[in-house]
Number of protein chains: 2
Amino acid sequence: MITIYSDAHALHDGKAELHDGKLVSSFEMPRRAELVLARVQEVGLGPVSPPKIFGLDPVRRVHAPDYVAFLETAWDEWVAEHGEYDALPFTWIGPGMRRVVPDHIDGKLGYYSFDAGTPITAGTFRAIRSAADVALTGAELIVRGERVAFALTRPPGHHAHRACYGGYCFFNNAAVAAQALRDAGADRVAVLDIDYHHGNGTQDIFYSRGDVLFASLHADPVQEYPYYLGFSDETGEGAGEGTNVNYPLPFGTGFDVWHAALRHALARIATFRADALVVSLGVDTYKGDPISRFRLDTADYPVIGAALAGAGLPTLFVMEGGYAVEAIGVNAVGVLQGFADAA
Amino acid sequence: MITIYSDAHALHDGKAELHDGKLVSSFEMPRRAELVLARVQEVGLGPVSPPKIFGLDPVRRVHAPDYVAFLETAWDEWVAEHGEYDALPFTWIGPGMRRVVPDHIDGKLGYYSFDAGTPITAGTFRAIRSAADVALTGAELIVRGERVAFALTRPPGHHAHRACYGGYCFFNNAAVAAQALRDAGADRVAVLDIDYHHGNGTQDIFYSRGDVLFASLHADPVQEYPYYLGFSDETGEGAGEGTNVNYPLPFGTGFDVWHAALRHALARIATFRADALVVSLGVDTYKGDPISRFRLDTADYPVIGAALAGAGLPTLFVMEGGYAVEAIGVNAVGVLQGFADAA
Ligand SMILES: [Zn+2]
Ligand SMILES: [Zn+2]
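Quick notes on the rules
Residues numbered from 1 in each chain as written. Chains lettered and ligands numbered in written order. Predicted model: local features only at pLDDT ≥ 70, side-chain atom pairs only at ≥ 80, totals over all residues. Heavy atoms only, no water. UniProt positions renumbered as here; feature names shortened; annotations may be inferred. Least-squares fit on C-alpha atoms with pLDDT ≥ 70 in both. Contact = heavy atoms within 4.5 Å. Donors = N, O, S within 2.8 Å, 3.2 Å for Na, K, Ca; no water. Buried < 20%, exposed > 50% of the residue type's maximum accessible area, 1.4 Å probe, protein only. Buried area = accessible area lost by both parts, 1.4 Å probe. Salt bridge = Lys/Arg side-chain N within 4 Å of Asp/Glu carboxyl O. Polar contact = N/O pair within 3.5 Å; in protein donor to acceptor, adjacent residues only side chain to side chain. Helix = DSSP H or I, 4+ residues; strand = E, 2+ residues; numbered from the N terminus. Nonpolar A, V, L, I, M, F, W, Y, C, P; charged D, E, K, R; others polar.

The name given to chain A in an unreviewed UniProt entry is Acetylpolyamine amidohydrolase, with the source organism recorded as Rhodoplanes elegans. Among the UniProt annotations of chain A, the heading Cofactor (unreviewed entry) holds the following wording: "Zn(2+)". UniProt, in the comment section headed Sequence similarities (unreviewed entry), describes chain A in these words: "Belongs to the histone deacetylase family."

Draft legend 1. Spatial organisation of the relation of the copies chain A and chain B. The operation relating chain A to chain B is a screw motion whose rotation component is 180°, with 0.0 Å of axial translation and a residual RMSD of 0.0 Å. Taken together, the rotation and translation describe the operation of a two-fold axis. If distances are taken from each C-alpha of chain A to the rotation axis, the shortest is found for Leu23 of chain A, at 3.4 Å. Taken as a fraction of all interface residues of chain A, those also at the interface in chain B reach 100%, which identifies the copy contact as same-surface.

Draft legend 2. Highlighting the coordination of the zinc ion (ligand 2). Residue and element names in this part refer to chain B. Every protein donor of the zinc ion (ligand 2) is listed here as Asp195 (OD), His197 (ND1) and Asp284 (OD), and their distances to the metal cover 2.0 to 2.1 Å. One chain supplies every donor for the zinc ion (ligand 2), spaced along it as D-x1-H-x86-D. Classification of Asp195 as buried rests on a relative accessible area of 1%. Residue His197 is classed as buried on the basis of its relative accessible area, which comes to 7%.

Draft legend 3. Spatial organisation of the interface of chain A and chain B. Facing the 52 residues of chain A at the interface are 52 residues of chain B. Both sides of the chain A and chain B interface together cover about 4,500 Å² of buried area, and 63% of this is carbon and sulfur. Considering only the side of chain A, the residues that lose the most area to chain B are Trp92, Arg98 and Tyr228 of chain A, jointly responsible for 21% of the buried surface there. Where chain A packs against chain B, one counts six salt bridges. Remark: the boundary between chain A and chain B carries 30 residue pairs in polar contact (both at pLDDT 80 or more). Looking at the side of chain A that touches chain B, the elements that each hand over two or more residues are β2 (16–19), β3 (22–25), α3 (65–82), α4 (105–111) and α7 (200–206) of chain A. No other element matches α4 of chain A, which puts four residues into the side of chain A that touches chain B. Partitioning the side of chain A that touches chain B into residue classes produces 25 nonpolar, 14 polar and 13 charged.

In structure tokens:
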């Protein structure tokens, strides 16, 4: 299995996020990707390749052009107003307010975001552009006939909507890859999101489309971030009606219940007759994760990988969350090893 | 001129707010009201009285019952989840998300708020209930025939919408008072907001009503908080069409330009034939204000007061913003003295 990796991710290195009412060190840090890479190499998963450069056009296939343009200049606008430290939004559009784009960077930040935990730094735009290239390079491997590939993306992407960022995510790497697979000829693409959190951004992007199935296993949004999306009654709309499937699960969910939901999702993907599968691979389902409340164990991750291989589809893994840093490599690569052994 | 004051405001004493991407000490602090009170006493403005207790029914005349209920229990829910420190929202409803009320306090905070600069503390609910009582007691004085009264409210209120908080504001004291005047028999009430910031909450509450005119002089929202409301094309809707008047003014506005807008607003109030006037009295228009960018000087405030007296209406002043703490007493009471001298 080829891993695509670029150390440009380290250019995005936020100092702090507002979490539980406190400004704390960012949980989403460069060491996450470095430890996954180290584990890939330690177990000899396969070759590691750098990404090709695709530019922003494939990103704009799933993100609004004004949103992409905002991200490109946000840091410079922030520095001009405030100085050289991380940009965090601190006000947003409440009910009864207008969706207008202000001139001031503070107003733009609130307009294009949905949390105060996702800092924009000097290197953020280069990092997220590179992450999209990593995902696109992985998609190209699938198009060229690889059975499986691993896009070791960072920062993650699945929370990023068509036109707003949050949850450590700016460009939706998995959605960019799924769109690229469609544009390269796949008639139907399934995106399966196994991160602990709902993939609200991916859902948002494909919600009214029948050509991309989105399925997500995640903590119930009545209890957990992102709170305002990810409910089971969200089944898609228009041409996409029936192609959005959410599995909200309660705090404390262990592997038995989780795996039953996975089997259900894989059955749904089978009836969809997808030509390719994109897996949003988060391992914050791990029992030791500092910001999550599921109870999966390290031994469960290869079992997940084997189940995914059982779908029999060309499969692109795209890295998402996982904040138990010391375990992220073993758990994420455990899924990939389980897949490789079973495929 | 009678001043209504309760030291219960000091129960709301936030430690910090997210401002310009940093967690900084709250600009909105108990000393603000204490210094205004000290100045009232120093110049002998008139008697100082405690508020009567009105309860929450008059508050619910302008705020949604579920919002009031949320504020009543938010601190306890926060403490149960996180412990005893200030509650700040850190995620909110982005475009494409649903307006659903989650069970989790973190999701509720984002649902009912529009910034991360407005902490909820142990004493917040008692303080805001008392502030509403202060405003209502002032309104009752007007109903009973007083020419003028000063409701020394804290925390301020004009940013609070019907169902969300922000900008240091929870209950909209001025709107509660205006509604009480209506309920006591005034056919038409004008609310004039001279705080540096747009009174987005007051506008929201009365936007579709023709019986309450709302006029606001403030920094242009394309440049300044609250960014997403306060534009000149917001003129009211339905029965309220034509009874909302915004005067957005650029950074650096001095007294000449500001005063011309005030005259325009007073002319509009005259043609509305209001029975009573509520003034949202913010003095963050002052040139020394740490978070604002107008250039009014201390000598300008009595001139404003005299102009307001010229409207010839029973007038309730309700305290709003002003963060140059050392000058807040002189400036706020300067308006009141100018009014008293001219009335
Ligand atoms: Zn996650
Ligand atoms: Zn203000």
